[in-house]
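Chain and residue survey
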2 protein chains.
Amino acid sequence: MVDIATRVWNHKWKIDPIVRSLIDTDFYKLLMCQSVFRNKPDTQVTFSLINRSKHVPLAHLIDEGELREQLDHIRSLSLSRGESTWMRGNTFYGKRQMFTPEFMDWFETLRLPPYHLERRGDQYELTFEGSWPEVMLWEIPALAVLMELRGRAVLNSMGRFELQVLYARAMTKLWEKIERLRMHDGLRVADFGTRRRHSFLWQDWCVQAMGEGLAGAFAGTSNCLIAKNRDLEAIGTNAHELPMVYSALATDDNALAQAPYDVLSDWQEEHDGNLRVILPDTYGTQGFLDNAPDWLAGWTGIRIDSGDPAAGAETAIDWWKQRGEDPRDKLVIFSDGLDADKIIELHTQFADRVRVSFGWGTMLTNDFKGLTKDDRLAPFSLVCKAVSADGRATVKLSDNPNKAMGPDDEIERYKRVFGVGAQDAQAVIV
Amino acid sequence: MVDIATRVWNHKWKIDPIVRSLIDTDFYKLLMCQSVFRNKPDTQVTFSLINRSKHVPLAHLIDEGELREQLDHIRSLSLSRGESTWMRGNTFYGKRQMFTPEFMDWFETLRLPPYHLERRGDQYELTFEGSWPEVMLWEIPALAVLMELRGRAVLNSMGRFELQVLYARAMTKLWEKIERLRMHDGLRVADFGTRRRHSFLWQDWCVQAMGEGLAGAFAGTSNCLIAKNRDLEAIGTNAHELPMVYSALATDDNALAQAPYDVLSDWQEEHDGNLRVILPDTYGTQGFLDNAPDWLAGWTGIRIDSGDPAAGAETAIDWWKQRGEDPRDKLVIFSDGLDADKIIELHTQFADRVRVSFGWGTMLTNDFKGLTKDDRLAPFSLVCKAVSADGRATVKLSDNPNKAMGPDDEIERYKRVFGVGAQDAQAVIV
């Protein structure tokens with residue numbers, strides 16, 4: 001029986017909104033937002049969309065009016081009562097009241113700041129300017145909107161059964177990965193795929209399928225809305241934007257060399273246990289660890305997000321040993337360019353030597369590769385990054401020169417200050 | 001929004017009925033039923049279920065109580081007003097009033113006669129006795145119920161996402177066949193898969209997917225309910241049960257030799273055009289055609305339902321030529337053991353020499369082969385046949401000795417009367 005009221009109601013929507021909640025974002029964004037709200041609330045930042053996949057002509061595929069409607073819709077969102085209750089009441093990593101009353105009071109009144117959108121040839125220039133804790137929350141929804149609008153542009157010409165078979169193929173593809181993964185005991189895999197997901201509904205399906213198929217090996221999702229709706233653990237720690245902005249704010253080379261450790265010193269005041277995870281690669285992992293203060297060796301884990309992941313894990317294990325720590329008590333989180341086979345390979349290689357966990361992203365929530373003519377739904381590399389702070393350009397080096405960002409002279413300066421030598425280049429696909 | 005009334009209503013069903021309509025059956029059953037109603041209304045027949053796949057222990061898999069509930073539900077069905085209107089008002093093969101007012105008056109009051117069910121080891125003995133026009137209508141729903149209950153027994157232990165992926169895989173499998181088929185111009189393919197379908201909903205999906213994917217190459221469905229619901233052409237002509245029962249009723253060898261032609265003589269009084277299709281293989285195609293009266297050569301087509309299909313088509317083409325007919329005006333319908341590759345092969349081989357059409361059955365609506373552990377959903381060979389008429393055993397020889405049915409001495413007598421010599425055996429899979 002058709003629910004007539006529902007159908008009429010659905011027809012009243014002017015658009016089909018892609019992002020419908022302020023917590024349809026990665027959990028670490030909220031953790032970092034609280035940290036920034038506490039430590040650097042007045043820093044003025046600019047975030048900018050960067051399409052690393054120039055062969056995907058976003059401005060050609062996506063109508064500017066539709067993009068504006070989606071972005072405007074996000075600006076109309078505010079935290080709902082239920083979302084606030086979930087954030088205030090939930091247990092994260094076994095800890096209650098992860099979010100302070102001060103932060104929640106602020107977050108409950110927040111609306112996202114304006115955006116600046118301009119077409120430049122076949123690409124869009126999309127930037128966000130304002131105070132750091134507000135602007136930073138644009139990153140994930142902006143990426144999700146662009147990824148999903150690009151998908152809709154492709155899906156628009158497909159028949160009803162053709163569409164169903166497309167999703168059938170994508171489901172089968174994911175399920176076969178899950179079947180491979182569950183053959184390996186002791187795996188821990190979480191969904192990290194919000195930012196480059198095919199769509200919200202598809203991410204929601206993927207997460208639920210992981211829950212059924214992997215059972216205990218499924219650790220949870222980085223997406224707060226899905227974690228809330230599906231009663232799952234919200235997963236995440238921190239990201240490059242913290243050291244990038246802290247470093248941009250440094251007034252001289254000495255302060256710059258210290259900035260990445262200042263980030264973690266601030267973080268340590270707020271978090272313990274599984275949230276004490278080092279992301280060491282912003283300006284080169286080896287130098288970061290060599291120069292790290294001893295208290296960092298007591299942290300729980302290291303996240304490997306660029307460079308060759310096995311080499312990164314070996315570096316982490318060696319460092320812990322040098323600092324007198326037992327790697328078997330430590331956690332390595334792999335989160336860069338993972339797919340099922342890579343997860344299995346790394347798990348097999350490291351599970352006996354260190355606690356291992358995986359943040360599976362794009363190839364979990366957007367593996368439509370090979371499923372359409374001309375591969376027009378294949379995932380591509382879109383990021384939204386802090387490009388300046390208080391008027392000073394940010395820089396990222398990472399362990400892969402293809403992921404480096406920033407003005408050339410600043411990149412050279414950072415390389416000098418952080419003692420980064422030659423790096424192996426790795427292709428950036430997603 | 002949940003439609004509460006619908007949900008409550010659904011909970012009131014004591015069972016989930018598999019067959020919900022008297023026209024959830026093959027169109028040719030209704031055509032033959034009308035013919036029998038006109039020509040042999042008082043013949044007493046017994047139909048019996050025969051599981052040719054002894055390795056599928058139906059009585060072990062299917063609960064007897066559930067089977068009885070489904071069969072009892074079928075006995076509670078009667079023709080609805082809308083179904084009657086569709087039968088009375090529809091155009092079949094361009095002809096109006098395919099069903100006479102006398103037949104419709106009778107059919108509108110019909111309820112199916114009792115069944116006899118007994119467990120014998122791992123199999124069920126399921127028989128139907130009574131007047132031919134009533135009993136014959138049990139064949140398709142009885143098969144559909146057993147196929148679907150067997151499927152439910154397997155599906156019962158599967159998880160929600162595991163189920164969705166199962167259907168995703170089945171959809172992908174069918175769609176890939178459709179993609180292969182639509183590369184060939186001039187194909188005509190119809191759904192003949194009611195009797196051994198995985199389930200009603202699955203057949204309905206397959207038919208709709210064919211409609212979208214094959215477009216003009218899709219000829220329609222043999223299933224009347226789906227044809228009605230989806231506004232498609234209902235497809236079919238006649239089957240072996242007519243010559244089998246007519247032959248069983250023959251009182252001597254001369255009458256027996258004549259019986260298969262009597263069937264078509266009766267048929268010719270009722271039907272013309274595309275419904276004048278010869279099914280020549282009941283007692284051997286070659287002998288049937290050699291001895292056929294000349295008026296049969298004027299019929300529109302021949303259906304090839306056993307033996308090597310290419311050899312059968314060559315036999316038909318040769319026969320038309322011998323009788324002075326141009327095969328390019330004639331129709332060959334292939335309907336035995338087809339799958340996409342076979343369809344393409346036969347189409348490529350014969351499309352230039354004769355009009356060709358395909359009735360695609362089990363491998364359209366039940367290709368779950370390879371999709372579950374131990375292949376427990378693979379299709380198997382179940383039939384429901386007239387085994388006696390007015391107390392006399394029926395016989396079928398066909399062009400494949402593995403499909404022969406009847407008492408041994410009667411098989412020998414029929415072989416002698418119809419001049420059937422050595423036959424090539426073909427594996428019967430579905």
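Residues numbered from 1 in each chain as written. Chains lettered and ligands numbered in written order. Predicted model: local features only at pLDDT ≥ 70, side-chain atom pairs only at ≥ 80, totals over all residues. Heavy atoms only, no water.

1. Observations regarding the overall build of chain A
Across its full length, chain A holds 18 helices and 13 strands. Each principal axis of the C-alpha distribution contributes one length, and for chain A these read about 65 × 50 × 45 Å. A burial count over chain A gives 58% of its 430 residues as buried. In chain A, of all internal contacts separated by at least 6 residues, the share reaching a separation of at least 24 is 78%. Accessible surface for chain A amounts to roughly 17600 Å². Of this, 46% is attributable to carbon and sulfur atoms. For chain A, the distance from the average position of its 51 positive side-chain charges to the average position of its 63 negative side-chain charges is 4 Å. (Helix = DSSP H or I, 4+ residues; strand = E, 2+ residues; numbered from the N terminus. Buried < 20%, exposed > 50% of the residue type's maximum accessible area, 1.4 Å probe, protein only. Contact = heavy atoms within 4.5 Å. Areas by Shrake-Rupley, 256 points an atom, 1.4 Å probe, with all protein chains shown as cover. Lys, Arg positive; Asp, Glu negative; His and termini not counted. Charge placed at Lys NZ, Arg CZ, Asp CG, Glu CD.)

2. Digging into the pattern of salt bridges
Taken as a whole and assessed by the stated rule, the structure comprises 68 salt bridges over all chains. Arginine 38 of chain B is the partner of glutamate 270 of chain B in a salt bridge, and the nearest nitrogen-oxygen pair spans 3.9 Å. Of this pair, glutamate 270 of chain B sits in helix 13 (residues 253-270) while arginine 38 of chain B is found in helix 2 (residues 27-39), placing the two residues 232 residues apart along the sequence. Assessed through its relative accessible area of 13%, glutamate 270 of chain B is described here as buried. A cluster of three or more residues bridged by salt bridges with shared partners is formed by Asp26, Lys29, Glu139, Arg195 and Glu241 of chain A. (Salt bridge = Lys/Arg side-chain N within 4 Å of Asp/Glu carboxyl O.)

3. A short note on the domain arrangement of chain A
Residues and elements named next belong to chain A. When the domains of chain A are assigned, the result is domain 1 (13-156 + 381-393) and domain 2 (161-365). Averaged C-alpha coordinates put domain 1 and domain 2 at centres separated by 21 Å. Each partner contributes residues to the interface: domain 1 has 46 residues there, and domain 2 has 41 residues. By the criterion of area lost to domain 2, the three top residues of domain 1 are Tyr28, Tyr93 and Leu155, representing 17% of everything that side buries. (Domains from an automatic or database assignment. Buried area = accessible area lost by both parts, 1.4 Å probe.)

4. As for the packing of helix 10 (residues 200-214) of chain A against helix 9 (residues 160-181) of chain B
One can describe the packing of helix 10 of chain A onto helix 9 of chain B by two numbers: an axis separation of 8 Å at closest approach and a directional angle of 115 degrees. Contact with helix 10 of chain A, carried on its side by Trp205, Gln208, Ala209 and Glu212 of chain A, involves Arg160, Phe161, Glu162, Gln164 and Val165 of chain B of helix 9 of chain B and no other residues of that element. (Axes fitted to C-alpha atoms, helices over the stretch in contact; angles between N-to-C directions.)

5. A word on the UniProt feature "modified residue: Phosphohistidine" (unreviewed entry) in chain A
All names here are of chain A. Here the UniProt feature "modified residue: Phosphohistidine" (unreviewed entry) sits at His240. With respect to the element layout, histidine 240 can be found in the loop between helix 11 (224-230) and helix 12 (241-249). Residues within four places of histidine 240 in sequence aside, it is in contact with Leu279, Asp281, Thr282, Asp305, Lys385 and Lys396. (UniProt positions renumbered as here; feature names shortened; annotations may be inferred.)

6. Brief notes about the UniProt feature "domain: Nicotinate phosphoribosyltransferase N-terminal" (unreviewed entry) in chain A
As annotated in UniProt, the feature "domain: Nicotinate phosphoribosyltransferase N-terminal" (unreviewed entry) corresponds to residues 23-146 of chain A in the numbering used here. Counting secondary structure, residues 23-146 of chain A comes out at 48% helix and 22% strand; the distance between its end C-alpha atoms is 18 Å.

7. Overview of the state of the cysteines
Under the criterion given, the structure shown has zero disulfides over all chains. The thiol of cysteine 224 of chain A is unpaired, and the distance to the nearest cysteine sulfur, on cysteine 33 of chain A, comes to 11 Å. Note on cysteine 224 of chain A: relative accessible area 0%, which makes it buried. The structure places no disulfide on cysteine 384 of chain B, whose sulfur is separated from the nearest cysteine sulfur, that of cysteine 33 of chain B, by 14 Å. Classification of cysteine 384 of chain B by relative accessible area gives buried; the value is 1%. (Disulfide = S-S within 2.5 Å.)

8. Some details on a negative patch on the surface
On the surface, Asp63, Glu66, Glu69 and Asp72 of chain A cluster together into a negatively charged patch. Among the secondary structure elements, glutamate 66 of chain A is positioned in helix 4 (residues 64-75). (Patch = residues over 30% accessible without salt bridge, like charges linked within 9 Å, V, L, I, M, F, W, Y side chains within 5 Å.)

9. Re unusual backbone geometry
Residue and element names in this part refer to chain B. At alanine 215, a residue that is not glycine, the phi angle is positive and equals roughly 50 degrees. One can find alanine 215 in the loop between helix 10 (200-214) and strand 7 (218-221). Judged by its relative accessible area of 48%, alanine 215 is partly exposed.

10. Describing the packing of aromatic side chains
Going through the model one piece at a time under the given rule, you end up with 51 aromatic pairs over all chains. With 5.4 Å between their ring centres and 90 degrees between their planes, tryptophan 86 of chain A and phenylalanine 92 of chain A make a pair best called edge-to-face. Take tryptophan 86 of chain A: its relative accessible area is 12%, and that puts it in the buried class. What makes phenylalanine 92 of chain A buried here is its relative accessible area of 0%. A ring pair is formed by tyrosine 115 of chain A and tryptophan 138 of chain A, whose centres lie 6.1 Å apart and whose planes are at 75 degrees; its orientation type is edge-to-face. A residue pair is termed long-range when its members are at least 10 positions apart, and tyrosine 115 of chain A in strand 4 (residues 115-120) and tryptophan 138 of chain A in the loop between helix 7 (132-135) and helix 8 (139-155) qualify at 23 residues. Among the aromatic side chains, those forming a connected cluster through ring pairs are Phe27, Phe37, Trp86, Phe92, Phe99, Phe103, Trp106 and Phe107 of chain A. Sitting over the face of the ring of tryptophan 13 of chain A, arginine 20 of chain A holds its NZ or CZ atom 5.4 Å from the ring centroid. Its guanidinium or amino end placed over the ring of tyrosine 246 of chain B, lysine 40 of chain B lies 4.4 Å from that ring's centre, counting from NZ or CZ. (Phe/Tyr/Trp six-rings, centres within 6.5 Å; stacked < 30°, edge-to-face > 60°. Lys NZ or Arg CZ within 6 Å of the ring centre and 35° of its normal.)

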